[in-house]
Amino acid sequence: MFRKLLFFAAFCVGLVGAGILGWVYSVTRDLPAPRELKTYAPPITSRVHAGDGTLVAEFARQHRVFIPESELPNTVINAFLSAEDKSFYEHDGIDPKGIIRGVLLNAIRGKRITGGSTITQQTVKNMLVGSERSVVRKVREAFVARRLEQIFTKRKILELYLNEIYLGGRSYGVGAASINYFGKPLRDLSIAECALLAAMPKAPGKVNPYKKPDAAIARRNWVISRMAINGYISQEEAEAAQQEPLTIADRLNSDEVLASAYFVEEVRRDILRRAREGELQGVEFDEYAKDEEQQIAAEKLLYEQGLSVRSTLDSRFQLAAQNALQMGLETYDRRTKFYRGGFTTLDVDKDWSEALYEVSTPSGAGDWLKAVVLAVDDKAIKIGLEDNETGWIAEESRKWVKTYKSKDGKVGLQKGDVILVTQEPPPNVLERTIMDEVKVKEDAPYHVRQLPSVEGALVAMDPHTGRVLAMAGGYSFWRSQYNRAVQASRQPGSSFKPIVYAAALDSGFTPASTVLDAPFVIDTPQGLWKPGNYEAGSFYGESTLRLGIEKSRNLMTARLAQDVGMEKIAEYARRFGIYPTPPEDATEEEARRILGPQTYLSRSLGSGDTTPIKMATAYSMLVNGGKRVEPVFLDRIQDRYGKTIQRRANKDCSDCNGVWNNQLPPVFEDTREQVIDPITAYQMVSMLEGVVQRGTASRVRAVGKPVAGKTGTTNDYFDAWFVGFSPDLVTAVWVGFDSPHSLGNGESGGRVAAPIFRDFMMKALEDAPAMPFRLPSGVRLVEVDAKTGKIPGPDTYRTIMEAFKPGTEPGGAMTEDFDDWINELKRQNNGGQLDGNSSAFNLPSRQYNLEEYVDDSVDPDAEGYTQPVMNGETEGYSEPQNSPNLNGELDLGDGDLGNLNTQTPRQDQQRPTPQATPFRDLGFGQTPSTQQDGTQGPAPYQPPIVEAEPEQELEYGLH
């Protein structure tokens, strides 16, 4: 009987054993092959750098920086071994003692304390068998771990583990965690910092150093103690490391990085587009794949393949752009809009400090502070801030918030309202510039702030290459990801007029040509169109093209466009990239639908939609001498192995690698297409410089360096523009509402957009020299009557040196080629002798200004006007010596420039002998501006003149 029972028991054990073996076989027969890990190439982070090398963004599904085994510091390895697997170098993938210990601890505590897995098993779990909590997974994990130990060295297994493990904070692997948490590479970490990383794998969320610093320190110090027990560090080192404060980096959260959000998003879209369209060299591309499949492949390339992207961004310019735009939008909103009240309410009779801490700050508020209103009376408003601090609202803000009326009829702030405040006063770009320092006292009252309802955009680019240097697509990317710089199509208003004038200059007109400024009515298919000037009912008679664009005269522009022909103007607009060109495969009907509206005469006043980046590109082709450029955001893209897969421009240079033998450096051939004549481009630059000096953009003079540009205001003040440039930087600014409606009466481009341009350019050009605009070869400078555009005569009131194409200048002895003009000045100074080695040929420097002539309030042609007389003589007009006006100061050397005094009409009407009077600083031998007190320094800011902005600029005008 006993033998039968023994046999039965043995049979049952065998049967169970066979069952177990069969089960084990069934769950392990399809195990993943560890040999696949020999070619381990994990998803790694793609990084975007600015042109100056600043890291501005990362793209990844798993933020990872791969660290090879040879670069893993021993301190990091020892910290992880102490925290996760102290017997790692002793077992063969499975630690039976650890498993038994884990089972017992879990049974005693009644919950899962430890899994007993070795580092090898964790590597297998993370990379091969998954993280499902089951016996099946544990068995598969154990088998694969044994195989892994047979194939790889211990050091290689550590490499796999330390690069794959998730350590919280969007960090996969120790390389990414080191940068994200501490802002430095792995090799520079201290013992305490290595221990903190080793403390993360078990439960990253429970020891998050950002949200739970106390728990993070406790776990870190436990790892440090285990390192000392295991003999990796001394007791003294352990005690010192445990006393080290927890210091965490706030990486990718700097002002420059946050300001770059719109630009970075455009870079992301550009890379995905290039990948979808197969433009990246050496990247697998299936042109026959479906659009969805191409999108998936493009996203995998960007988010997993560790691209290194060098963008065109200038981080300093970008911060200036975002700040200037925000200041301008806040100024407009506070000046023209009512206060809209707090964003939530709290019960201040309870623990308001804790409740305020839990309130989320509205997106886009930046570093503004949350505050709750504690008490309100007629003379003061008391507020509470976080950490139980209290303060008072400034008087200016107390008056402003009274413009708010709640739905229940209450006026102003009420007890319990949660608001946004700062001690720094709100910006006012009409009174202060971005360069003005505002000092805030520690006990200063608080100013109520409000996110503006108006939006805007600013884009800045290099006009010679098309490299986009800065882009702000709205007030805040965190509030709205809609990039108005590239996506918002709006009417450009008068900022389109330079295209009209450029077409006219190529059609036989000159800057001195005159056009009648008088009532203008034309019968169009849409009805009678009657444009008007900014000041209704104002007409100025025959005026030069220069004056027409400086004062933004609508009637002159419409009449000029009719003379030139809208077909040619539309063709120029397409050539400059403002208007779209029909695709090559477009049908005749589709082409007609695109091209037809472009020839409406009202388009001459800027009624056709375009985007800020297109306007910036168009103006780039003016200031760069008429060369075609396209906006670019990427300089270079490299794959994870350093191979270049995209470059902005490849130029052949056979002599670049040659042996130097005192020869001149190689010169690259300029292959850019010539869009317009270089002299035409310069004539427009010169005229737009006058817009700043004497026209509708007088606020921009405060930049203090050569700048030019054009304001734009659409009908009913829906859109405000300013597009302008220095010799090497073009900037376009647009301000308006996303749902188009009026900005308000008088809110023109010169008032709303120009100060934003001014502030950005002041910051961007802060350290740049005052460069004059470049003159093209062959341009002829001729002195003309500033009013009539003709050779000066007895009735000449003011003269100006105008630029002409050869053969188009007025005849007479004053016609000069630029080089001949310079030589003549030298002869005058040297008594008729031209000394090529002489640099001291300066004539007395003097300035002129046409403001008195063009000021609508003082019209020399008005009936009854008499020239002001002092002491029986006619008084000439000149600007102060310290004016930043560059259209009238000539400095060709170290001293004075001789006989360049402005002549005024004599009482006997004898024709004066005008001397060469240039209209701008040509920049030879520049010297610092001399102020009235004799000191040298930058020219001071001048008050703006009364603006004249176009009004009637809708597509169909007035009927």
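The coordinates are above.
Quantities reported herein were computed from a predicted structural model and do not represent experimental measurements.

Asks: It is not clear to me how the overall build of the protein chain should be interpreted in this structure. Could you clarify?
Replies: Each helix and strand in the protein chain was counted, giving 28 helices and 27 strands. Here the protein chain holds 959 residues, and 52% of them are scored as buried. Residue pairs in contact within the protein chain that sit at least 24 positions apart in sequence constitute 74% of those at least 6 positions apart. Put simply, the protein chain shows about 45000 Å² of open surface, and 49% of that area lies on carbon and sulfur atoms.

Asks: Just to check I follow, could you spell out the side chain of R484 for this structure?
Replies: Locating R484 in the fold gives a position in helix α17 (residues 484-487). Judged by relative accessible area, which is 1%, R484 ranks as buried. Among the polar contacts made by the side chain of R484, one reaches the main-chain carbonyl oxygen of G473 at a distance of 3.0 Å.

Asks: I would appreciate a short explanation of the packing of aromatic side chains in the present structure.
Replies: Aromatic rings in a pair are described by how distant their centres are and how their planes are angled relative to each other. Under the criterion given, the structure shown has 18 aromatic pairs. Ring plane angle 90 degrees and centroid distance 5.3 Å describe the contact between F477 and W478, whose orientation is recorded as edge-to-face. Residue class for W478 comes out partly exposed when judged on its relative accessible area of 46%. When the ring of F725 is compared with that of F773, the centres are 5.7 Å apart and the planes differ by 85 degrees; the resulting orientation is edge-to-face. With F725 in strand β21 (residues 719-726) and F773 in the loop between α26 (754-764) and β23 (780-785), this residue pair connects regions lying 48 residues apart in the sequence. Across the pair, exposure class does not vary: F725 and F773 are buried alike. Pairwise contacts between aromatic rings join Y181, F182 and Y210 into one cluster. Positioned above the aromatic ring of F88 is the side chain of K154, whose terminal nitrogen or guanidinium carbon lies 4.4 Å from the ring centre. Here the basic side chain of R334 rests over the ring of W400, its NZ or CZ set 3.9 Å away from the ring centre.

Asks: What's the story with the packing of helix α23 (residues 612-623) against helix α24 (residues 678-694) in this structure? I'm lost.
Replies: Helix-helix packing: each pair is described by the crossing angle between the helix axes and the interaxial distance. Interhelical geometry of α23 versus α24 gives an angle of 110 degrees and a closest axis separation of 7 Å. The pairing of α23 with α24 is recorded here as roughly perpendicular in orientation. Contacts from Y619, M621, L622 and V623 of α23 reach α24 at A681, M684, V685 and L688.

Asks: Whenever I open this one, the packing of helix α9 (residues 213-229) against helix α10 (residues 235-242) confuses me. Can you help?
Replies: In contact at an axis separation of 9 Å, α9 and α10 are set at 175 degrees when each is read in the N-to-C sense. Relative to α10, α9 is oriented roughly antiparallel. Residue-level contacts link R220, N221, I224, S225 and A228 of α9 to Q235, A238, A241 and Q242 of α10.

Asks: Teacher, can you tell me more about the environment of E292 here?
Replies: Tracing the chain through its elements places E292 in helix α13 (residues 291-304). As a C-alpha pair, E292 and R276 span 16 residues in sequence and 9.7 Å in three-dimensional space.

Asks: Sorry if this is basic, but what is going on with α9 here?
Replies: Residue pairs three or four apart in sequence face the same way in an α-helix, which turns once every 3.6 residues. With 17 residues, α9 ought to run about 24 Å at 1.5 Å a step, and its terminal C-alpha atoms sit 24 Å apart, in line with that. Taken residue by residue, α9 has A216, R219, R220, N221, V223, I224, M227 and A228 as its buried positions. The elements touched by buried residues of α9 are α2 (74-84), α8 (191-198) and α10. Phi turns positive, to about 85 degrees, at G231, one or two residues after α9.

Asks: What exactly am I supposed to notice about the nonpolar core here?
Replies: One recurring pattern in soluble globular proteins is that nonpolar side chains are buried together. Counting 126 residues, the largest nonpolar core has F576, M684, L688, V700, F725, L729 and F760 as its most contacted members. If sequence neighbours within four positions are ignored, M684 has contacts with P498, Y501, A502, L505, I549 and L622. Membership of the second largest hydrophobic core comes to 48 residues, among which are I67, L160, Y181 and A192.

Asks: How should I be thinking about unusual backbone geometry in this particular structure?
Replies: Most peptide bonds adopt trans geometry, and most residues besides glycine take a negative phi value. With phi around 65 degrees, D387 is a residue other than glycine that occupies positive phi space. For D387, a relative accessible area of 68% puts it in the exposed group. Residues other than glycine seldom take positive phi values, yet S552 does so here, at roughly 55 degrees. If you trace the backbone, S552 turns up in the loop between α19 (545-550) and α20 (554-564).

Asks: Would you take a moment to explain the pairing of strand β5 (residues 308-311) for this structure?
Replies: For a regular strand, the rule is simple: side chains alternate between the two faces of the sheet. A one-sided burial pattern is seen for β5, the buried positions being V309 and S311 and the unburied ones S308 and R310. In terms of strand pairing, strand β1 (residues 46-49) meets β5 through 3 bridges, oriented parallel. Along β5, the bridge assignment pairs R47 with S308. Pairing of β5 with strand β18 (residues 634-638), which is carried by 4 bridges, proceeds in the antiparallel orientation. Note that in β18 the partner of R310 across the bridge is R636.

Asks: Is there a simple way to explain a positive patch on the surface in this structure?
Replies: Positive charge collects at one region of the surface, where K202, K206, K211 and K212 lie side by side. In this structure, K206 sits in the loop between α8 and α9.

Asks: What is the right way to look at the pattern of salt bridges in this model?
Replies: Oppositely charged side chains can form a pair if their charged atoms are brought close together. By the definition in use, this model includes 41 salt bridges. A salt bridge links R490 to D719; the nearest nitrogen and oxygen atoms lie 3.1 Å apart. Taken together, the residues R490 in the loop between α17 and α18 (497-505) and D719 in strand β21 connect sequence positions 229 residues apart. For R490, a relative accessible area of 10% gives the class buried. The salt bridge partner of D506 is K805, with a shortest N-O separation of 2.8 Å. Of this pair, D506 sits in the loop between α18 and β14 (514-517) while K805 sits in the loop between β24 (799-804) and β25 (815-817), and the two are 299 residues apart along the sequence. One salt-bridge network, in which partners are shared between bridges, spans D270, R273, R274, E277 and E279.

Asks: Is there a simple way to think about the sheet that holds β21 in this case?
Replies: The strands that make up a sheet are held in pairs by hydrogen bonds between backbone atoms, and each pair lies either parallel or antiparallel. The antiparallel open sheet is built from 5 strands, whose spatial order is β13-β12-β22-β21-β20. Bordering the open sheet on either side are β13 (468-472) and β20 (708-713), each of which pairs with just one other strand. Here the strands of the sheet are splayed against their neighbours by 5 degrees on average, with no regard to which way each runs. Pairing of β20 with β21 involves 6 bridges; the strand directions are antiparallel. Within β21, the position partnered with T713 by the bridge is A720.

Asks: Is there a simple way to think about the sheet that holds strand β2 (residues 55-59) in this case?
Replies: On the basis of which strands lie adjacent, the open sheet formed by 5 strands has the order β2-β1-β5-β18-β19 and mixed pairing. With partners counted over all chains shown, the strands left at the sheet margins are β2 and β19 (644-647), one partner each. Across this sheet, the average inter-strand angle for adjacent strands is 15 degrees, counted without regard to direction.

Asks: Explanation requested: the pairing of β21 in the structure shown.
Replies: When you tally the buried positions in β21, you get 8 out of 8 residues, the bulk of the element. Here 8 bridges tie β21 to strand β22 (residues 729-736), and the two strands are oriented antiparallel to one another. By the bridge assignment, V723 is partnered in β22 with A732. If you look at the hairpin formed by β21 and β22, you'll find 2 residues sitting between the two strands.

So, how was this worked out
- Residues numbered from 1 in each chain as written.
- Predicted model: local features only at pLDDT ≥ 70, side-chain atom pairs only at ≥ 80, totals over all residues.
- Heavy atoms only, no water.
- Helix = DSSP H or I, 4+ residues; strand = E, 2+ residues; numbered from the N terminus.
- Buried < 20%, exposed > 50% of the residue type's maximum accessible area, 1.4 Å probe, protein only.
- Contact = heavy atoms within 4.5 Å.
- Areas by Shrake-Rupley, 256 points an atom, 1.4 Å probe, with all protein chains shown as cover.
- Polar contact = N/O pair within 3.5 Å; in protein donor to acceptor, adjacent residues only side chain to side chain.
- Phe/Tyr/Trp six-rings, centres within 6.5 Å; stacked < 30°, edge-to-face > 60°.
- Lys NZ or Arg CZ within 6 Å of the ring centre and 35° of its normal.
- Axes fitted to C-alpha atoms, helices over the stretch in contact; angles between N-to-C directions.
- Parallel < 35°, antiparallel > 145°, perpendicular 65-115°, else oblique.
- Expected span 1.5 Å × (residues − 1).
- Core = buried A, V, L, I, M, F, W, Y, C linked by side-chain atoms within 4.5 Å.
- Pairing = 2+ DSSP bridges.
- Patch = residues over 30% accessible without salt bridge, like charges linked within 9 Å, V, L, I, M, F, W, Y side chains within 5 Å.
- Salt bridge = Lys/Arg side-chain N within 4 Å of Asp/Glu carboxyl O.
- Lys, Arg positive; Asp, Glu negative; His and termini not counted.
- Charge placed at Lys NZ, Arg CZ, Asp CG, Glu CD.

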